[in-house]
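The lines below spell out each chain.
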There are 2 protein chains.
Amino acid sequence: MKEAMLSRIGRYAFGAEPFHCDFSSRMLLSHAANCMLNAAEFHSDERGYGMTELRRMGRTWVLSRLVVEMNDMPPAYSRINIDTWVEGVMRFFTSRDFSVTGTEGQQYGYGRSIWAMIDSHTRQPVEIATVGEGIIARYVESDRPCPIKPFARIKLPPTAERAGTVTAQYSDVDVNGHVNSAKYIEHILDLWDIRWHEKHRITRLDIAYTAEAHSGDTLAFYVDDTVEGARCVSVRRSRDGSEEVEACLARLTFWTVGN
Amino acid sequence: MKEAMLSRIGRYAFGAEPFHCDFSSRMLLSHAANCMLNAAEFHSDERGYGMTELRRMGRTWVLSRLVVEMNDMPPAYSRINIDTWVEGVMRFFTSRDFSVTGTEGQQYGYGRSIWAMIDSHTRQPVEIATVGEGIIARYVESDRPCPIKPFARIKLPPTAERAGTVTAQYSDVDVNGHVNSAKYIEHILDLWDIRWHEKHRITRLDIAYTAEAHSGDTLAFYVDDTVEGARCVSVRRSRDGSEEVEACLARLTFWTVGN
């Protein structure tokens, strides 16, 4: 060990910069998710198991599941703190939680995530304990609760309809070389227009990432709107007319703004 | 005056968070531009002529022209400082410059911008001097040079070809209710795929915003690639088959990465 142990919980500051906010002057949910992912990576990086360290071993982290539950979205110009900690470590997966607060301590929301460590070449899971002599396990924080429900399974009925397609572009792809997790959220939220967003407030997002998509892939979005107060979305990637493969599966929970 | 004068030059910190970086682990140019716009707004807001203050008067700022010239893009995980100051104030326009440095003082690049103050309802220019008894003029910084060339006129030949279209969505629209300036840059850079971006490094972007586009508008991208080391792009908005109106006009200057 070159360095002393750091605290198990890390705190990272982000801004609700006005141009990361939507028409209503509140932070975009996709940006809040991106802040969580950045907090996760800063936390891992500082503790010796971030993507830069893993890259040296031919490995990387991939996000498997993410839950974001927000009471309220931070207003434009405000600053937020994201606390993050590792809740548990399994053989191939690790769970990490998030708490989002304002600078005056107000609780905006929470997040939960599950990450897999994979071999960058084969894209297959590798054992997490083999990094840094199992250092991650020493950072597990078991005292701090995350008071939101875990990710719940999402299932779309076969009647779900195709609501749109996009081609994954240069700006969709991140340092991992695949379509960025927060960009899927941006594309999913774009399935509804501003009039819909004016009338509905999204309170929770559950999303499972099941296969990687790359620049040039076609992403098709299938939507189930048969459940009151929720929308389920399946994103299926294909390339040059190949069969569609599910890249991610999401559920949005929302309430309707009063008339 | 409620408060003492602040410094003419403001400094704002931003992160090259890994998920605001591209496949090459360098900050996206669209994100660098977004940081500049946020720095501009923080600077104006603190000095009493930001969008929140203008909104009370039924006005807002709109970006008319932006130049971003970068020697290098900040690498993932690094932090940057953006200095910004008002270079001059005219009747309806103000010019604002930017300097982007790393935390160890290395110069990444510079920016120049021209902003108009408009009436939020009529969208017509209004006189800048009528805000806060002409306070902006008191913040003009004439001693600090911005060593990049001003915006140069961009002209596309009639042979420019349509290279793509997108529909402006919820996530494209910012607190001003129109398509965000940095989002145009993102869409423009997405006209070329990752292979192109692997082989070319963009060193300068000039962009003029000529008409506002809104959610639901179709944005058509016309490209001129007849000049070596540059691409000119005209973005034309339309709606429900209406005639196309130029929303912005950009020039990318780049060099080709050695084989």
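Scroll up to find the structure.
In this report, the structure presented in the accompanying data block is examined. (Residues numbered from 1 in each chain as written. Chains lettered and ligands numbered in written order. Predicted model: local features only at pLDDT ≥ 70, side-chain atom pairs only at ≥ 80, totals over all residues. Heavy atoms only, no water.)

**Structural notes on the packing of aromatic side chains**
This is how it is decided: Any Phe, Tyr or Trp ring, taking Trp's six-membered ring, that has another such ring centre within 6.5 Å forms a pair; planes under 30 degrees apart are called stacked, those over 60 apart edge-to-face, and the others tilted. Think of it this way: any DSSP run of H or I at least four residues long counts as a helix, any run of E at least two long counts as a strand, and we number them from the N terminus. Two conditions define a charge located above a ring, namely a distance within 6 Å from the ring centre to NZ of Lys or CZ of Arg, and an angle within 35 degrees of the ring normal.
Scanning the model with the defined rule gives 14 aromatic pairs over all chains in all. On the basis of an interplanar angle of 50° and a centroid distance of 6.3 Å, the ring pair of Tyr49(A) and Tyr139(A) is categorised as tilted. In this pair, Tyr49(A) sits in the loop between α1 (29–46) and α2 (51–56) while Tyr139(A) sits in the loop between α3 (135–138) and β6 (161–167), placing the two residues 90 residues apart along the sequence. Following the ring pairs from residue to residue traces out a cluster consisting of Tyr12(A), Phe42(A) and Tyr77(B). Geometry around Tyr139(A) places Arg47(A) over its ring, the cationic atom sitting 5.5 Å from the centre.

**Observations regarding the interface of chain B and chain A**
A common measure of how large an interface is: the accessible area buried when the components associate. Note the threshold: Only heavy atoms enter the contact rule, under which two residues are in contact if any of them lie within 4.5 Å. Here's the idea: put two parts together, see how much 1.4 Å probe accessible area each one loses, and the total over both is what we call buried area. Salt-bridge detection follows one rule: a side-chain nitrogen of Lys or Arg within 4 Å of a carboxyl oxygen of Asp or Glu.
In this complex, chain B contributes 36 residues to the contact, which on the side of chain A involves 36 residues. Both sides together, the interface formed by chain B and chain A hides about 3,600 Å², and carbon and sulfur atoms give 59% of it. Three residues, Phe19(B), Tyr77(B) and Tyr170(B), lead the burial of chain B against chain A; their summed loss comes to 26% of the area buried on that side. Run the count over chain B and chain A and you get 2 salt bridges. Residues Glu186(B) and Lys183(A) are paired through a salt bridge, measuring 2.5 Å at the closest nitrogen-oxygen approach.

**Observations concerning the relation of the copies chain B and chain A**
Heads up, the condition is: We superpose the copies by least squares over the C-alpha atoms of residues that have a pLDDT of at least 70 in both of them.
In the superposition of chain B on chain A (RMSD 0.0 Å, axial shift 0.0 Å), the rotation amounts to 180°. When the rotation and shift are considered jointly, the pair of chain copies conforms to a two-fold rotation axis. A symmetric contact is evident, with 100% of the interface residues of chain B recurring at the interface of chain A.

**Comments concerning the sheet that holds strand β3 (residues 79–89) of chain B**
Residue and element names in this part refer to chain B. Counted only if it meets this: Only when DSSP finds a minimum of two bridges between them are two strands counted as paired. To get an axis, a line is fitted to the C-alpha atoms, and for a helix only the part in contact is used. The angle between two axes follows their N-to-C directions and goes from 0 to 180 degrees.
Taken in spatial order, the 10 strands make up an open sheet running β1-β3-β4-β5-β2-β7-β10-β9-β8-β6, and their pairing is antiparallel. Here the strands that pair on one side only, and so sit at the sheet edges, are β1 (10–15) and β6 (161–167). The sheet shows a mean angle of 25° between the axes of neighbouring strands, direction not considered. In the sheet, strand β8 (residues 218–224) pairs with strand β9 (residues 230–238) via 7 bridges, with the strands oriented antiparallel. From the neighbouring strand, Ala220 faces β9, where its bridge partner is Arg236. Relative to β1, helix α1 (residues 29–46) is tilted by about 145°, and along the sheet it contacts β1, β2 (59–70), β3, β4 (93–102), β5 (107–119) and β7 (200–209). Contacts from helix α4 (residues 181–189) reach β2, β6, β7, β8, β9 and β10 (245–256), with the element oriented near 135° to β7.

**Concerning empty space enclosed by the protein**
In this approach a probe as big as a water molecule rolls over the atoms, and the regions it shows empty are the leftover space. Quick note on the threshold: Only protein atoms enter the calculation, which uses a 1 Å grid: trapped sets of points that fit a 1.4 Å probe without letting it out are cavities, open sets showing protein on both sides within 12 Å along at least five of seven lines are pockets, and any residue with an atom within 4 Å of a point is a lining residue. Grid points are joined across faces, edges and corners, and a volume is the space filled by probe spheres set on the points. Residue type decides the class: Asp, Glu, Lys and Arg count as charged, Ala, Val, Leu, Ile, Met, Phe, Trp, Tyr, Cys and Pro as nonpolar, and the leftover types, Gly among them, as polar.
Throughout the structure, instances matching the rule amount to 5 cavities of 30 Å³ or more. Empty space within the largest cavity amounts to approximately 450 Å³. Forming the boundary of the largest cavity are 30 residues, of which His20(A), Lys183(A), Glu186(A), His20(B) and Glu186(B) lie nearest the centre. Broken down by secondary-structure element, the contributors of at least two residues to the lining of the largest cavity are α1 and α4 (181–189) of chain A together with α1 and α4 of chain B. Residues that form the lining of the largest cavity fall into these classes: 10 nonpolar, 12 polar and 8 charged. One number sums up the size of the second largest cavity: a volume of about 150 Å³. Along the wall of the second largest cavity there are 16 residues; nearest its centre are Phe14(A), Gly15(A), Glu17(A), Gly15(B) and Glu17(B). Put simply, the parts of the chain that give the lining of the second largest cavity at least two residues each are β1 (10–15) and α1 of chain A together with β1 and α1 of chain B.

**Observations regarding α1(B)**
Residues and elements named next belong to chain B. Counted only if it meets this: Any helix carries an expected span of 1.5 Å times its number of residues minus one. When accessible area is computed with a 1.4 Å probe and restricted to protein chains, residues below 20% of their type maximum are described as buried, those above 50% as exposed, and intermediate ones as partly exposed.
The terminal C-alpha atoms of α1 lie 26 Å apart, and with 18 residues this matches the ideal 26 Å at 1.5 Å per residue to within 8%. In terms of burial, α1 is largely enclosed, as 16 of its 18 residues are buried. Immediately beyond the C-terminal end of α1, within one or two residues, lies Gly48, with a positive phi of roughly 95°.

**A word on the sheet that holds strand β3 (residues 79–89) of chain A**
Residues and elements named next belong to chain A. The antiparallel open sheet is built from 10 strands, whose spatial order is β1-β3-β4-β5-β2-β7-β10-β9-β8-β6. With one partner strand each, in any of the chains shown, β1 and β6 form the two edges of the open sheet. Neighbouring strand axes in the sheet, compared pairwise and without regard to direction, differ in orientation by 25° on average. Across the sheet, α1 is in contact with β1, β2 (59–70), β3, β4 (93–102), β5 (107–119) and β7 (200–209); its angle to β1 comes to roughly 145°. In the packing of α4 onto the sheet, contacts are made with β2, β6, β7, β8 (218–224), β9 (230–238) and β10 (245–256), and the angle to β7 comes to roughly 135°.

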